[in-house]
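Residue-level structural notes
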Number of protein chains: 2
Amino acid sequence: MVAYTLAVHGGAGTIDRAALTPDLAAAYHAGLRHAIEQGAAVLAGGGSALDAVTAAVVALEDCPLFNAGKGAVLNADARHELDSAIMEGTTRRAGALAAVTRVRNPILGARLVMERSGHVLMAGADAERFLSAQGMELVAPEYFTTPERLAQLRRVQADGRGVMLDHDGQSVTDRVGTVGAVALDTQGRLAAATSTGGMTNKRPGRVGDTPVIGAGCYADDATAAVSTTGTGEAFIRAVAAYDVAARMAYGGSSLADAAERVVEGLPGVGGQGGLIALDRSGALALPFNTSGMYRGYLRAGAEIVTAIHR
Amino acid sequence: MVAYTLAVHGGAGTIDRAALTPDLAAAYHAGLRHAIEQGAAVLAGGGSALDAVTAAVVALEDCPLFNAGKGAVLNADARHELDSAIMEGTTRRAGALAAVTRVRNPILGARLVMERSGHVLMAGADAERFLSAQGMELVAPEYFTTPERLAQLRRVQADGRGVMLDHDGQSVTDRVGTVGAVALDTQGRLAAATSTGGMTNKRPGRVGDTPVIGAGCYADDATAAVSTTGTGEAFIRAVAAYDVAARMAYGGSSLADAAERVVEGLPGVGGQGGLIALDRSGALALPFNTSGMYRGYLRAGAEIVTAIHR
């Protein structure tokens, strides 16, 4: 039996230490811890990596602090458009949703696409009709909105600064967001999941890297499970998540080296952010090129670790 | 100055030799030739690989025989939903459109996303609003419909066979479709472009591999320009287009070996189809695992070559 491992992230970016009050920092740590506990409970019970990343990302989506599900950022039309993806390493099955507006937990929608649609990626209102026909309850778009996100959009639009990466609620500025999880279960299987509200004040219709398998999410038992966070356009151009796996498969890189190199390469395509990556030996890497990344992990038999800055 | 090269494809699949009448075969060859001529004229005049693949794909989109633009297949609601992507190898800039219904030449829309949106991928009606605001004229969805595609949808739906890959107009059955082009210009720059109507009778909202950078389209001057065609879900799961480049970059594979390996790996994720790949030395590969792929190429100073079967 393999010792299970789970890691999560809640977005990377410039996280101002001064603006991050002790209370707010504690809330982020608690949100990360709760998500890890949800995923770890699955793994401790002998459940699958796929179920574990699903449970962890549902918890992050339900936490209003993170830019996914409840608490997602608003686009230029003051609407939410959510993206998500999930991938199972053993089978390389995958599912993803782009630009949905009424799916309470987009990661559950991505999983339904994977398991029941015969497709990998579905977009927009038609995707929601499919999910509804499959029995998924949809929510009013207002469900996702928090006062902090509305205030943030108003500030960005008043500033005329254009799009803004993730949330700066509470004056924690310039953060780039997304949530995600990677897991290794007791049977040695890997899985990855990613979910996001995208960028504050983004153009309506913009889709980031999250639902792009290979960019924002990838899993293959032979190499690694990867979930990314940052400037989505750069992660798409770099095919960032799959690049970690490819460096391991073809270049013989270790997981740590591969993950580090991918993050180092991001500025070459205008990118900043980070990723979490895990291989079947339990090696784990959480590199980022920003001042911080909300992150945490648990190894079987050890304590939960959470961190924000370096 | 580099000797320019251009290649195109018009879909891969089981192409029944008996059903492909001499007249129909001649029409396909003429359609491929015309697209190559449009792209080659750009290259011969010293233009960019990016402009050449754009011109070639516009010609394929405008030809009603191929499953992209005019002549695109219909989904289960008898509507067209079109996907496209373009990538420039020198800068790794990219643009893509998913599930648009009114963009006459989706490849021109993808290019506008690349050049003017600040984003890489845009989806649905909001993407069309952006393109319209940028001065792009939109067409009525009926523009794309041909009697052959309508008849094909009716046959598939009457058969209860579920989705069908590409067109079987004229009884040329089980073809999987998409069009694409790769080019190397006289300055040694690479580019790739891909455009499709997807699968006949597909679920509304389904997005294939075409607009997924790394799956249906990829270009990097350091490795290769790649455009794929086939069962999109498998190409997404395999990150097929980028996998060609990764095998070259990290594994030291030749372009031909890398391309062949990627196509060989497709059945492992349920895939069939093919791809066209070109590197900066002018090496060109056009592998497929189906009985045929509409394809053609031109090297500076030589004759245009077009082919359908092996």
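Given the structure is predicted, the values throughout are model-derived calculations rather than measurements. (Residues numbered from 1 in each chain as written. Chains lettered and ligands numbered in written order. Predicted model: local features only at pLDDT ≥ 70, side-chain atom pairs only at ≥ 80, totals over all residues. Heavy atoms only, no water.)

**Focus: the overall build of chain A**
Put simply, the rule reads: Runs of H or I in DSSP of at least four residues are treated as helices and runs of E of at least two as strands, each being numbered from the N terminus. Within these notes, the globule rule equals 2.2 Å times the number of residues to the 0.38 power, and the radius of gyration is based on C-alpha atoms. Only protein chains enter the accessibility calculation, which uses a 1.4 Å probe; a residue whose area is less than 20% of its type maximum is buried, one above 50% is exposed, and one in between is partly exposed. Every residue pair with non-hydrogen atoms within 4.5 Å of one another is taken to be in contact. For accessible areas, the Shrake-Rupley method is used with a probe of radius 1.4 Å. Any residue's cover is judged against the shown protein chains and nothing else.
Along the backbone of chain A there are 8 helices and 14 strands. For 310 residues, the compact-globule formula gives about 19 Å, and the C-alpha radius of gyration of chain A, at 17 Å, lands near that figure. Principal axes of the C-alpha set define a box for chain A whose edges measure 55 × 45 × 35 Å. Buried positions account for 67% of the 310 residues belonging to chain A. Partitioning the intrachain contacts of chain A with sequence separation of at least 6 by distance along the chain shows that 68% fall at a separation of at least 24. When the accessible surface of chain A is split by element, carbon and sulfur atoms take 49% of a total near 9,700 Å².

**Re the interface of chain B and chain A**
We count it as follows: Any carboxyl oxygen of Asp or Glu that lies within 4 Å of a side-chain nitrogen of Lys or Arg is treated as forming a salt bridge with it.
Residue-level contacts link 41 residues of chain B with 41 residues of chain A. For the pair chain B and chain A, the interface holds 2 salt bridges. Where Arg-79 of chain A meets Asp-126 of chain B, a salt bridge forms, and the shortest distance between an N and an O atom there is 3.3 Å. Breaking the side of chain B that touches chain A down by element, the ones donating at least two residues are helix H3 (106-117), strand S4 (121-123), helix H4 (124-133), strand S8 (206-207), helix H6 (232-238) and helix H7 (240-251) of chain B.

**Re the sheet that holds strand S9 (residues 217-219) of chain B**
All names here are of chain B. The line we're drawing: DSSP calls a pair of strands paired once it identifies at least 2 bridges connecting them. Angles here are taken between N-to-C directions and fall from 0 to 180 degrees, while the axes themselves are lines fitted to C-alpha atoms, restricted in helices to the stretch in contact.
Here 4 strands make up an open sheet; going across it, the order is S9-S10-S11-S12 and the pairing antiparallel. The open sheet is flanked by S9 and strand S12 (284-285), the only strands paired with a single partner. Seen against the sheet, helix H8 (residues 255-265) touches strand S11 (273-278) and S12 and runs at an angle of roughly 160° to S11.

**Here we look at the side chain of Thr-54 of chain A**
All names here are of chain A. Inspection of the secondary structure puts Thr-54 in helix H2 (residues 49-62). Residue class for Thr-54 comes out buried when judged on its relative accessible area of 7%. Residues in contact with Thr-54, not counting those within four places in the same chain, are Ile-86, Ile-107, Leu-108 and Arg-111.

**Here's the deal with the pattern of salt bridges**
Residues and elements named next belong to chain A. Inspection of the entire model under this criterion finds 18 salt bridges over all chains. Close ionic contact of Asp-77 with Arg-79 constitutes a salt bridge, the shortest N to O distance being 3.4 Å. For Arg-79, a relative accessible area of 31% corresponds to the partly exposed category. Close ionic contact of Arg-129 with Asp-126 constitutes a salt bridge, the shortest N to O distance being 2.6 Å.

**Some words on the relation of the copies chain B and chain A**
Applied cut-off: Only residues with pLDDT of at least 70 in both copies contribute their C-alpha atoms to the least-squares superposition of the copies.
Its rotation angle being 180°, the transformation that places chain B on chain A also includes 0.0 Å of axial translation and leaves an RMSD of 0.0 Å. Such a turn and shift between the copies fits a two-fold axis. A share of 100% of the interface residues of chain B reappears at the interface of chain A, consistent with the copies meeting face to face through the same patch.

**Observations concerning helix H1 (residues 22-44) of chain B**
Residues and elements named next belong to chain B. Formally: For a helix, the expected span equals 1.5 Å multiplied by the residue count minus one.
When the terminal C-alpha atoms of H1 are compared, their 31 Å separation across 23 residues agrees well with the 33 Å that a helix rising 1.5 Å per residue should span. Residues Leu-24, Ala-25, Tyr-28, Gly-31, Leu-32, Ala-35, Ile-36, Gly-39, Ala-40 and Leu-43 constitute the buried set of H1. A positive phi of about 85° marks Gly-46, the residue just after H1.

**Focus on the packing of helix H7 (residues 240-251) of chain A against H7 of chain B**
Applicable threshold: Orientation labels follow simple angle bins: below 35 degrees gives roughly parallel, above 145 gives roughly antiparallel, 65 to 115 gives roughly perpendicular, and whatever is left gives oblique. Left-handed is the label given to a crossing in which the near helix is rotated counterclockwise from the far helix by less than a right angle, and right-handed is the label when the rotation is clockwise. In this classification, the charged set is Asp, Glu, Lys and Arg, the nonpolar set is Ala, Val, Leu, Ile, Met, Phe, Trp, Tyr, Cys and Pro, and all remaining amino acids, among them Gly, are polar.
With their axes 9 Å apart at the nearest point, H7 of chain A and H7 of chain B run at an angle of 45° to one another. The angle between the axes of H7 of chain A and H7 of chain B places the two elements in the oblique class. With respect to the hand of their crossing, H7 of chain A and H7 of chain B are arranged in right-handed fashion. In this structure, H7 of chain A contributes Tyr-242, Asp-243, Ala-246, Arg-247, Tyr-250 and Gly-251 of chain A to the contact, and H7 of chain B contributes Tyr-242, Asp-243, Ala-246, Arg-247, Tyr-250 and Gly-251 of chain B. Of the residues assigned to the contact of H7 of chain A with H7 of chain B, the class counts are 6 nonpolar, 2 polar and 4 charged.

**Focus: the sheet that holds strand S10 (residues 225-230) of chain A**
Residue and element names in this part refer to chain A. An order of S9-S10-S11-S12 is seen for the 4 strands of this open sheet, with the pairing classed as antiparallel. Of all the strands in the sheet, just strand S9 (217-219) and strand S12 (284-285) have a single pairing partner and so form its edges. Note that strand S11 (residues 273-278) and S12 share 2 bridges and pair antiparallel. Looking at S12, one finds that Ala-277 is bridged to Ala-285.

**Some words on the packing of aromatic side chains**
What counts is decided by this rule: Working definition: a ring pair exists when centres of Phe, Tyr or Trp rings (six-membered ring for Trp) sit within 6.5 Å. Plane angles under 30 degrees give stacked, over 60 give edge-to-face, the rest tilted. In this scheme, the term charge over a ring applies when either NZ of a lysine or CZ of an arginine sits within 6 Å of the ring centre and within 35 degrees of the ring normal.
Per the counting criterion, the structure on display carries 11 aromatic pairs over all chains. Aromatic pair Tyr-242 of chain A and Tyr-242 of chain B: ring centres 6.2 Å apart, planes at 85°, arrangement edge-to-face. Taken together, the residues span two chains, with Tyr-242 of chain A in helix H7 and Tyr-242 of chain B in helix H7. Judged by its relative accessible area of 6%, Tyr-242 of chain B is buried. Ring centres 4.2 Å apart and planes at 25° place the aromatic pair Tyr-28 of chain B and Tyr-294 of chain B in the stacked group. Pair noted here: Tyr-28 of chain B is in helix H1 and Tyr-294 of chain B is in strand S13 (residues 292-299), with a separation of 266 residues, a long-range link. By the burial criterion, Tyr-28 of chain B is buried, and Tyr-294 of chain B matches it. Through a chain of ring-to-ring contacts, the aromatic side chains of Tyr-218 and Tyr-242 of chain A together with Tyr-218 and Tyr-242 of chain B assemble into a single cluster. Lying over the aromatic face of Tyr-143 of chain A, Lys-70 of chain A brings its terminal NZ or CZ to 5.0 Å of the ring centre.

**Some words on the side chain of Asp-221 of chain A**
Residues and elements named next belong to chain A. The condition is simple: Here the positive residues are Lys and Arg and the negative ones are Asp and Glu; neither His nor the chain ends is included.
Note on placement: Asp-221 falls in the loop between S9 and S10. One buried charged side chain, Asp-221, makes no salt bridge at all; its nearest oppositely charged neighbour is Arg-280, positioned 5.0 Å away. In contact with Asp-221, other than residues within four places in its own chain, are Gly-89, Thr-90, Gly-188, Arg-189, Leu-190 and Arg-280.

**Remarks on the confidence of the model for chain A**
What counts here: Confidence of the predictor at the level of single residues is given by pLDDT, which spans 0 to 100.
Here chain A averages 93 in pLDDT, while 95% of its residues score no lower than 70. The complex prediction reports pTM at 0.96, with the ipTM value standing at 0.95.

**Concerning the environment of Ser-132 of chain B**
Residue and element names in this part refer to chain B. Turning to its location among the elements, Ser-132 is positioned in helix H4. For Ser-132, a relative accessible area of 39% puts it in the partly exposed group. Expressed as a C-alpha distance, the spacing of Ser-132 and Gly-109, which sit 23 residues apart in the sequence, is 9.7 Å.

**What about helix H8 (residues 255-265) of chain A?**
Working note: α-helix, 3.6 residues per turn, so residues spaced by three or four point in the same direction. Rule in force here: Each C-beta atom gives one direction from the helix axis, and the arc is the one those directions make.
Residues Leu-255, Ala-258, Ala-259, Val-262 and Val-263 of chain A constitute the buried set of H8 of chain A. Taken around the axis of H8 of chain A, the buried residues stretch over an arc of 130°, which confines them to a single face.

**Some points on the pairing of strand S6 (residues 179-184) of chain A**
All names here are of chain A. With 6 of its 6 residues buried, S6 lies for the most part within the structure. Residues Val-179, Ala-181 and Ala-183 line one face of S6 and the alternating positions Gly-180, Val-182 and Leu-184 line the opposite face, and both faces are buried. With 5 bridges joining them, strand S1 (residues 5-13) and S6 adopt antiparallel strand pairing. Bridge pairing links Thr-5 to Leu-184 in S6. Inspection of the sheet shows S6 paired to strand S7 (residues 190-196) by 6 bridges, in the antiparallel sense. Among the inter-strand pairings, Ala-183 is bridged to a residue of S7, identified as Ala-191. Between S6 and S7, which follow one another and run antiparallel, lie 5 residues, and Gly-188 among them has a positive phi close to 80°.

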